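# Coordinate analysis (summary)
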Amino acid sequence: MQDFRALDVDRWEEEALSFADLAVHHPKSAEELVQNAKAKQASVRSKLASNDAPGALAEVLDDAPYGDHAHEAKQINFSLLVEILNATRSTEIPNAIKSLSLTQRDTLMNYLYKGLAMNGTRSQSTPTVNCAVLLLWHERLTQAAGTGCIMRVMTDRRSL
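Residues numbered from 1 in each chain as written. Predicted model: local features only at pLDDT ≥ 70, side-chain atom pairs only at ≥ 80, totals over all residues. Heavy atoms only, no water.

As annotated in an unreviewed UniProt entry, the protein carries the name Actin-related protein 2/3 complex subunit 5 and comes from Malassezia yamatoensis. The UniProt entry for the protein carries the following comment under Sequence similarities (unreviewed entry): "Belongs to the ARPC5 family." Reading the Subcellular location (unreviewed entry) entry of the UniProt record for the protein gives the comment "Cytoplasm, Cytoskeleton". (UniProt positions renumbered as here; feature names shortened; annotations may be inferred.)

Here it is as structure tokens:
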């Protein structure tokens, strides 16, 4: 009666897909993405120095690097984002989120989940991730963008 459960049907599946087959890659090359990320650094830091956190946040979230080939660019962009999140006062967060487009909000949520997955670890290329700050941003972003933002990020195939 239970012999059918011991049968491995996957071994006959010719079109089995792996995660690498489903992953989406950025159309730019890894070198172009690194150059773009490094170009953003100076602009973002000058905006932070002039207390323009919404502008700096929007710039980091525009054209965010994704895909397996963009590892260095993703690290640069993520560390810039963490700097912005840590430098923004809690009273400024709602205004910063309101100024973002729908796509930018989804990208921010994706980065928040990436930071929470790091669980406070620190490497040489990324600053320390403060989970309390990320949770505060998550709360405010969910209030502004709704739970649809969470669902779009969970089903997105891009790896930031």
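Across its 20 residues, helix H2 (residues 30–49) extends 29 Å between first and last C-alpha, which sits within 8% of the 28 Å expected from 1.5 Å per residue. Those residues of H2 that sit buried are Leu 33, Val 34, Ala 37, Lys 40, Val 44 and Leu 48. In this structure, the buried residues of H2 make contact with helix H3 (53–61) and helix H4 (71–87). Asn 51 sits one or two positions beyond H2 and adopts a positive phi of about 60 degrees. (Helix = DSSP H or I, 4+ residues; strand = E, 2+ residues; numbered from the N terminus. Expected span 1.5 Å × (residues − 1). Buried < 20%, exposed > 50% of the residue type's maximum accessible area, 1.4 Å probe, protein only. Contact = heavy atoms within 4.5 Å.)

What follows concerns the environment of Ser 29. By secondary structure assignment, the location of Ser 29 is in the loop between helix H1 (19–22) and H2. Classification of Ser 29 by relative accessible area gives partly exposed; the value is 28%. Residues Ser 29 and His 69 lie 40 residues apart in sequence; the distance between their C-alpha atoms is 7.7 Å.

This brings us to the packing of aromatic side chains. Per the stated rule, a full pass over the model turns up 1 aromatic pair. If you follow Lys 114 out to its NZ or CZ, it ends over the ring of Phe 78, 5.1 Å from the centre. Over the ring of Tyr 66 we find Arg 158, and its NZ or CZ is 5.2 Å from the ring centre. (Phe/Tyr/Trp six-rings, centres within 6.5 Å; stacked < 30°, edge-to-face > 60°. Lys NZ or Arg CZ within 6 Å of the ring centre and 35° of its normal.)

Judged by nonpolar contacts, the single largest core of 33 residues is most densely connected at Leu 57, Leu 81, Leu 85, Leu 108, Leu 112 and Trp 137. Only H2, H3, H4, helix H5 (93–98), helix H6 (102–118), helix H7 (131–145) and helix H8 (147–155) provide two or more residues apiece to this core. The greatest single-element share of this core, amounting to 6 residues, is contributed by H4. With residues near it in sequence (within four places) discarded, Leu 112 still touches Leu 85, Leu 134, Trp 137, His 138 and Leu 141. Counting residues in hydrophobic clusters, the runner-up holds 6 residues, among them Val 34, Ala 37, Ala 73 and Ile 76. (Core = buried A, V, L, I, M, F, W, Y, C linked by side-chain atoms within 4.5 Å.)

Let us now look at unusual backbone geometry. Positioned with a positive phi, Asn 51 is a non-glycine residue whose angle comes to about 60 degrees. Within the element layout of this structure, Asn 51 appears in the loop between H2 and H3. What makes Asn 51 exposed here is its relative accessible area of 63%. With a phi close to 50 degrees, Asp 63 is a non-glycine residue in the positive phi region. Within the secondary structure, Asp 63 sits in the loop between H3 and H4. With a relative accessible area of 42%, Asp 63 lands in the partly exposed category.

This model, assessed by the stated rule, comprises 6 salt bridges. Residue Asp 63 pairs with Lys 28 through a salt bridge whose shortest N-O separation is 3.0 Å. Residue Asp 63 is found in the loop between H3 and H4, and its partner Lys 28 is found in the loop between H1 and H2; the two are separated by 35 residues along the sequence. Residue Asp 156 is joined to Arg 158 by a salt bridge in which the shortest nitrogen-to-oxygen separation is 3.0 Å. (Salt bridge = Lys/Arg side-chain N within 4 Å of Asp/Glu carboxyl O.)

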